[in-house]
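Here is what each chain is made of, one letter per residue.
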Amino acid sequence: MATRIEEVSQDYGRVERAIRFLETHHLEQPDLARIAEAMELSPFHAQRVFSRWAGVTPKQFLGLLTLEHAKERLRRKESVLDAAYDAGLSGPSRLHDLFVRIEAMTPGEYRRLGQGLTMRWGVHPTPFGDALFVLSDRGLARLAFVGEAPLQDVLDEAKAAWPLSGFIADPAATAPLATRIFTHRSGEEPLRLLLKGTPFQVQVWRALLQIPEGELVSYGSLARRLGKEGASRAVGTACGQNRIGWLVPCHRVLRETGALGGYHWGLPMKRAMLAWEQARQDATPQAAG
């Protein structure tokens, strides 16, 4: 009998295929039968599996795979980061304090390039494709989506960021974490993240955690919120240096025009992540004010 982790992995693979299919063919408005074919399931089971893990139906997800929707969301929610800070930084964010607890390396540790740390790594399926998870004793140090890149290149990039750390292949250690990240339940202990970056980069990454799921901000508004008026390019660079994908949500930041901007793991993945989050947000009844 398949273990729970194996069952989740199988479902992740099916959802990944559906997301890739929808991202590629959304202009054709494929029906459920075509989506199910891509998932190698019957339409009934395809609908159930996708809804279970995405929180929305394939049709709802398909309806949000457009840049125009993202632009409108940005126009309506430009001040969401201000609201988050005004509420005491953590109020509207599902991730901040509730789901993740971050620890930044000290300047001395940063200069020592991870000396003395042991990094356990494994590759596991996610709804957005296979990802490399790197876990230290102090928390998750990297979540990098593999995409079309050779796994060795993705692993080499991780090792280059922590050149004095010891890397051990240990998928048994990282598998439960990989499963938990996309099946978060309220009441669980927060995940610990170990951030390695310059003080400015860490400041930007902390600010990203204030953006509620399903909302968007521009690079410029993020810079202004940090007291760095005119530093939108530097903020964009810091977002691009984030290597804990999904959990540190750099995918929620767009250009002032509403264009997607860049993304380390590719614009199709950024578009899929935004569509998933926005669909889940739109499908959730809003609490009365």
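Everything below is about the structure printed above this text.
This report concerns the structure included in the present document.

What counts as what
Residues numbered from 1 in each chain as written. Predicted model: local features only at pLDDT ≥ 70, side-chain atom pairs only at ≥ 80, totals over all residues. Heavy atoms only, no water. Phe/Tyr/Trp six-rings, centres within 6.5 Å; stacked < 30°, edge-to-face > 60°. Helix = DSSP H or I, 4+ residues; strand = E, 2+ residues; numbered from the N terminus. Buried < 20%, exposed > 50% of the residue type's maximum accessible area, 1.4 Å probe, protein only. Pairing = 2+ DSSP bridges. Axes fitted to C-alpha atoms, helices over the stretch in contact; angles between N-to-C directions. Parallel < 35°, antiparallel > 145°, perpendicular 65-115°, else oblique. Contact = heavy atoms within 4.5 Å. Nonpolar A, V, L, I, M, F, W, Y, C, P; charged D, E, K, R; others polar. Core = buried A, V, L, I, M, F, W, Y, C linked by side-chain atoms within 4.5 Å. Arc of directions from axis to C-beta. Salt bridge = Lys/Arg side-chain N within 4 Å of Asp/Glu carboxyl O.

## Some details on the packing of aromatic side chains
Piece 1. This model, assessed by the stated rule, comprises eight aromatic pairs.
Piece 2. For the ring pair tyrosine 12 and tryptophan 53, a centre distance of 5.4 Å and an interplane angle of 70° mean the geometry is edge-to-face. Highlighted residues: tyrosine 12 in helix H1 (residues 4-25) and tryptophan 53 in helix H3 (residues 43-54), separated in sequence by 41 residues.
Piece 3. Among the residues examined, tyrosine 12 registers a relative accessible area of 2% and is labelled buried.
Piece 4. Residue class for tryptophan 53 comes out buried when judged on its relative accessible area of 6%.
Piece 5. When the centroid spacing of 4.8 Å and the interplanar angle of 50° are considered together, the rings of phenylalanine 128 and tryptophan 276 count as tilted. In this pair, phenylalanine 128 sits in the loop between strand S2 (118-124) and strand S3 (131-136) while tryptophan 276 sits in helix H13 (residues 267-283), placing the two residues 148 residues apart along the sequence. Pair check on accessibility: phenylalanine 128 and tryptophan 276 agree, each one buried.

## A word on the pairing of strand S6 (residues 191-195)
Piece 1. With respect to burial, S6 is a largely interior element, four of its five residues being buried.
Piece 2. When strand S1 (residues 100-104) meets S6, the two strands line up parallel, connected through five bridges. Its bridge partner being in S6, valine 100 is matched across the sheet by leucine 191.

## Thoughts on the packing of helix H2 (residues 32-39) against H3
Two quantities define a packed helix pair, namely the angle between the helix axes and the distance between the axes.
Piece 1. With their axes 8 Å apart at the nearest point, H2 and H3 run at an angle of 75° to one another. In this view, H2 runs roughly perpendicular relative to H3, as classed from their interaxial angle. Contacts between H2 and H3 involve Leu32, Ala33, Ala36 and Met39 on the former and, on the latter, Pro43, Ala46, Gln47, Val49 and Phe50.
Piece 2. For the contact of H2 with H3, the class distribution of residues is eight nonpolar, one polar and no charged.

## Observations regarding the nonpolar core
Piece 1. Core analysis: the biggest nonpolar cluster contains 81 residues, and Phe50, Phe61, Phe128, Ile181 and Leu247 have the highest contact counts within it.
Piece 2. Among all residues touching phenylalanine 61, those that are not within four sequence positions of it are Ile19, Leu22, Phe50, Val56, Ala272, Ala275, Trp276 and Ala279.

## Side note on helix H8 (residues 151-161)
Piece 1. Every buried residue of H8 is listed here: Val154, Leu155, Ala158 and Ala161. All buried residues of H8 fall inside an arc of 120° around its axis, so they share one side.
Piece 2. Where H8 is buried, its residues touch S2, S3, strand S4 (139-145) and strand S5 (166-169).

## Thoughts on the pattern of salt bridges
Piece 1. One pass over the full model with this rule turns up 11 salt bridges.
Piece 2. Linking arginine 34 and glutamate 28 is a salt bridge whose minimum nitrogen-to-oxygen distance equals 3.1 Å.
Piece 3. With relative accessibility at 32%, the residue arginine 34 sits in the partly exposed group.
Piece 4. Two residues, glutamate 157 and arginine 142, come together in a salt bridge whose shortest N-O distance is 3.5 Å.

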